[in-house]
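Fold and contact review
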Amino acid sequence: MSLPTPTLHTPRLLLRPFHDADADDLLAMHGDANVMRYWDAPRWTEPGRGRQFVAACRQVEADGTGARVAIARRDGGDFLGWCGLTRWNPEFRSASLGFCSTEAAWGHGYMTEAAGALLRWAFDALDLNRVQSETDTRNLASARVLDKLGFVREGTLREDCVVEGDVSDSWVFGLLRREWRPDRPETHG
């Protein structure tokens, strides 16, 4: 059963399904060594990698296992990144949150705003009880985003990622439905 990817609006952002034209922006973002510094995979170097990601997002939608949205500014449409919920399990009422943004978008609260909107949609539309997210322990900016959204750091996965010889730990965060506060000021930009 498919799960239609939502189109969501926040005061500053448009969250929408991916377009084919997003492939170049995705390749540029995921090809940036600074953006990918704490990622659990190497930076992208293959020209078709952006198109593959867009196709994978459509497959997640078709499979009904989640939704990934492109994040763009409402005033001008500049591509800022993406956020998504994957591994949706209707039986357990759980999903995993992931996100990535361009370096130009860092420090403006865009990801907190975007992920907050996606979580509001997901708790309503998917009837979630739990959302999990993981981040490299060195990625304090992503940890702050999760903290602002109300996630609780639940533990550490020791040496769970090895990317191009670099071994790193990850923090596991969880957000329960009963802890979710969609009215948190941090999620409104």
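So, here's what we can say about the structure. Numbering of residues begins from 1 in every chain and follows the order in which that chain's sequence is written. Note on the predicted model: pLDDT of at least 70 is required for a residue's local features to be given, and 80 or more for side-chain atom pairs to be given and counted; whole-chain, interface and lining totals, by contrast, use all residues. The side-chain numbers reported here are obtained from all heavy atoms of the structure, hydrogens and water having been left aside.

1. A short note on helix α3 (residues 110-125)
Quick note on the threshold: Counting from the N terminus, the helices are the DSSP runs of H or I reaching at least four residues and the strands are the DSSP runs of E reaching at least two. Each residue after the first adds 1.5 Å to the expected span of a helix. Exposure is judged per residue with a 1.4 Å probe applied to protein chains only, and the accessible area is read against the type maximum: over 50% gives exposed, under 20% gives buried, and values in between give partly exposed.
Look at α3: 22 Å from first C-alpha to last across 16 residues, which is about the 22 Å you get at 1.5 Å a residue. α3 sits mainly inside the fold: 13 of its 16 residues count as buried. Asp127 sits one or two residues past α3 and shows a positive phi near 55°.

2. Re the packing of aromatic side chains
Inclusion rule: When the centres of two rings from Phe, Tyr and Trp lie within 6.5 Å, Trp using its six-membered ring, the rings pair. Their planes under 30 degrees apart give stacked, over 60 give edge-to-face, and anything left gives tilted.
According to the stated counting rule, one finds six aromatic pairs in the structure shown. A ring pair is formed by Trp39 and Trp82, whose centres lie 6.2 Å apart and whose planes are at 80°; its orientation type is edge-to-face. Taken together, the residues Trp39 in the loop between α1 (23-30) and α2 (49-63) and Trp82 in strand β4 (residues 79-89) connect sequence positions 43 residues apart. The class of Trp39 is partly exposed, set by a relative accessible area of 25%. Judged by relative accessible area, Trp82 falls into the buried class, the value being 6%. On the numbers, 5.4 Å between centres and 25° between planes, the contact of Phe123 with Trp180 is stacked. Placement of Phe123 in helix α3 and of Trp180 in the segment after β8 (166-176) is noted, with a sequence separation of 57 residues between them. Pair check on accessibility: Phe123 and Trp180 agree, each one buried.

3. Some points on the sheet that holds β4
The cut-off we apply is this: Two strands are said to pair when DSSP picks up at least two bridges between them. Only heavy atoms matter for contacts: two residues are in contact if any of them lie within 4.5 Å across the pair. Axis definition: a line fitted to C-alpha atoms, over the contacting stretch in the case of helices. Angles run 0 to 180 degrees between N-to-C directions.
Reading across from one edge, β1-β2-β3-β4-β5-β6-β8-β7 is the order of the eight strands in this open sheet, with mixed pairing throughout. Strands at the two margins of the open sheet, each flanked by one partner only, are β1 (8-9) and β7 (152-163). The sheet contact formed by β4 and strand β5 (residues 94-101) spans seven bridges and is antiparallel. Looking across to β5, one finds that Leu85 is bridged to Leu97. Helix-sheet contacts for α3 involve β1, β2 (13-16), β3 (67-73), β4, β5, β6 (130-136) and β8, and the interaxial angle to β4 is about 30°.

In short, shape yes, function no, at least from these values alone.
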